[in-house]
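# Descriptive structure summary
Below, each chain spelled out in residue letters.
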Amino acid sequence: MQRLLFPPLKAFVGGPCLRLLLPRAAPRAQCGCSCGIRRPLRPGQYSTISEAALQSGRGTVSLPSKAAERVVGQWLLVCSGTVAGAVILGGVTRLTESGLSMVDWHLIKEMKPPTSQEEWEAEFQRYQQFPEFKILNHEMTLAEFKFIWYMEYSHRMWGRLVGLAYILPAAYFWRKGWLSRGMKGRVLALCGLVCFQGLLGWYMVKSGLEEKPDSHDIPRVSQYRLAAHLGSALVLYCASLWTSLSLLLPQHKLPETRQLLWLRRFAHGTAGLVFLTALSGAFVAGLDAGLVYNSFPKMGESWIPEDLFAFSPILRNVFENPTMVQFDHRILGITSVTAITALYFLSRRIPLPRRTKMAAVTLLALAYTQGSVLLNFIF
């Protein structure tokens, strides 16, 4: 990836494209006494790239240095960590049922929390006008409201921190000329995805604040919007991490054998399967489908529940029937762990770099740790 994005400066300088763009310098004198002296340059001729760049007003060659690549890579690595923190904090907010405590959204105004008793009571009164308080939390005290409010507040402030972590350094690196043309496109896409993620988060919360006169169910956000919010966060995390590692780690040159190509395709398929499993988990959370059956590997007394296709049309069960949603998530989870295990054993049969082998071992350990945690939740 580094070879594609940042060709060596020597190759760039000697390339035919640059020789066509820059006027040629005058040839050296052929006599022995003046072999080190160049003839005077005619107007429009430049002897070096630096002179050409200065004449054009740029002052520096646009190709980023290795040091700049490393700084940009470290920045994106930190950004991917902040996104992972936002996902974790969002999960905690979901578990504490705090996501609907802040009933409006303002980019700047809501950054200042209530400070006086009057402000807290006014905030609590606004919350009391929405379905979650009327149906679920009608006996909630002000102290209990403060706890869930601060949980959602911390999640939103962390989201703003993520946005600043992307946008401000991106503007600085762009101005300094540390981003190649290809990297500029990637950085723009990442910053745009961050902004989209924030808007999508409020769009998700808004679905849980809507009045539903014909329903007495517990107010919750749309499982479709929750899955979209989580999915976009995972895409942002993976894209940032992949780009940062492509800048920080040298590329290994391996022979393109049939086994290596097959392993690479299998790894890509496994990654897609894990992503799909995570999205199905968002549907489980959105519908509280994890509370339907608390036994494993069977669901209740049977392997396949009787109410698996209770909704009509049949496709609706995949996204709205809690039983089917939990069943699908279990199948996807088991399939993901199986695929990761197979990927690990396949990687052992091929001579791979040390860091690739470490990645396979780490992936296997995390998969089984995740499964163990979920089983502890069930039992």
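See the structure above.
Residues numbered from 1 in each chain as written. Predicted model: local features only at pLDDT ≥ 70, side-chain atom pairs only at ≥ 80, totals over all residues. Heavy atoms only, no water.

Checked against the element boundaries, Ser101 lands in the loop between helix 5 (66-95) and helix 6 (117-127). A polar contact of 2.8 Å, which involves the side chain of Ser101, links it to the backbone oxygen of Ser98. A distance of 3.1 Å separates the side chain of Ser101 from the backbone oxygen of Ile148, its partner in a polar contact. For Ser101, the residues in contact, after removing those within four places along its chain, are Tyr127, Glu132, Phe145, Ile148, Trp149 and Glu152. (Helix = DSSP H or I, 4+ residues; strand = E, 2+ residues; numbered from the N terminus. Polar contact = N/O pair within 3.5 Å; in protein donor to acceptor, adjacent residues only side chain to side chain. Contact = heavy atoms within 4.5 Å.)

Taking 1.5 Å of rise per residue, the 30 residues of helix 11 (residues 258-287) would be expected to cover 44 Å, and the 44 Å separating its terminal C-alpha atoms lies within 8% of that figure. Among all positions in helix 11, only Leu260, Leu263, Thr270, Leu273, Thr277, Leu279, Ser280, Ala282, Phe283, Val284, Gly286 and Leu287 are buried. Those residues of helix 11 that are buried lie in contact with helix 5, helix 10 (223-248), helix 12 (314-320) and helix 13 (322-347). Just downstream of helix 11, Asp288 is the residue with a positive phi angle, here 55°. (Expected span 1.5 Å × (residues − 1). Buried < 20%, exposed > 50% of the residue type's maximum accessible area, 1.4 Å probe, protein only.)

Once that is clear, we can look at the environment of Pro351. Inspection of the secondary structure puts Pro351 in the loop between helix 13 and helix 14 (354-378). Taking the relative accessible area as the measure of exposure, Pro351 reaches 69% and is therefore exposed. For the pair Pro351 and Leu260, spaced 91 residues apart in the sequence, the C-alpha separation amounts to 9.2 Å.

Closest axis-to-axis distance for the helix 10/helix 11 pair is 8 Å, and the angle between their directions is 145°. As for the relative orientation of helix 10 and helix 11, their crossing is right-handed in sense. Residue-level contacts link Gln223, Tyr224, Leu226, Ala227, Leu230, Gly231, Leu234 and Val235 of helix 10 to Phe275, Ala278, Leu279, Ala282, Phe283, Ala285, Gly286 and Leu287 of helix 11. For the contact of helix 10 with helix 11, the residue count by class is 13 nonpolar, 3 polar and no charged. (Axes fitted to C-alpha atoms, helices over the stretch in contact; angles between N-to-C directions. Left-handed = near helix turned anticlockwise from the far one by under 90°. Nonpolar A, V, L, I, M, F, W, Y, C, P; charged D, E, K, R; others polar.)

Within soluble globular proteins, side chains that are nonpolar generally end up buried alongside one another. Judged by nonpolar contacts, the single largest core of 26 residues is most densely connected at Phe124, Tyr127, Met140, Phe145, Trp149 and Val325. If you tally residues by element for this core, the top one is helix 8 (residues 142-176), at 6 residues. Apart from residues no more than four positions distant in its own chain, Trp149 is found in contact with Ser101, Met102, Pro113, Pro114, Trp120 and Glu123. (Core = buried A, V, L, I, M, F, W, Y, C linked by side-chain atoms within 4.5 Å.)

It is at 9 Å that the axes of helix 11 and helix 13 come closest, and there the two elements cross at 155°. Between helix 11 and helix 13, the crossing angle belongs to the class labelled roughly antiparallel. Classified by chirality, the crossing of helix 13 by helix 11 is left-handed. Taken together, the residues of the contact of helix 11 with helix 13 sort by class into 18 nonpolar, 10 polar and no charged. (Parallel < 35°, antiparallel > 145°, perpendicular 65-115°, else oblique.)

For the rest of this paragraph, the subject is the pattern of salt bridges. On inspection of all chains with the given rule, the structure shows 7 salt bridges. Here Arg94 and Asp288 are joined by a salt bridge, their closest N and O atoms 3.9 Å apart. Within this pair, whereas Arg94 is found in helix 5, its partner Asp288 is found in the loop between helix 11 and helix 12, the two being separated by 194 residues in sequence. With relative accessibility at 30%, the residue Asp288 sits in the partly exposed group. Between Asp288 and Arg220 there is a salt bridge; the shortest N-O distance is 2.9 Å. With Asp288 in the loop between helix 11 and helix 12 and Arg220 in the loop between helix 9 (181-208) and helix 10, this residue pair connects regions lying 68 residues apart in the sequence. Salt bridges linked by common partners bring Arg94, Arg220 and Asp288 together as one network. (Salt bridge = Lys/Arg side-chain N within 4 Å of Asp/Glu carboxyl O.)

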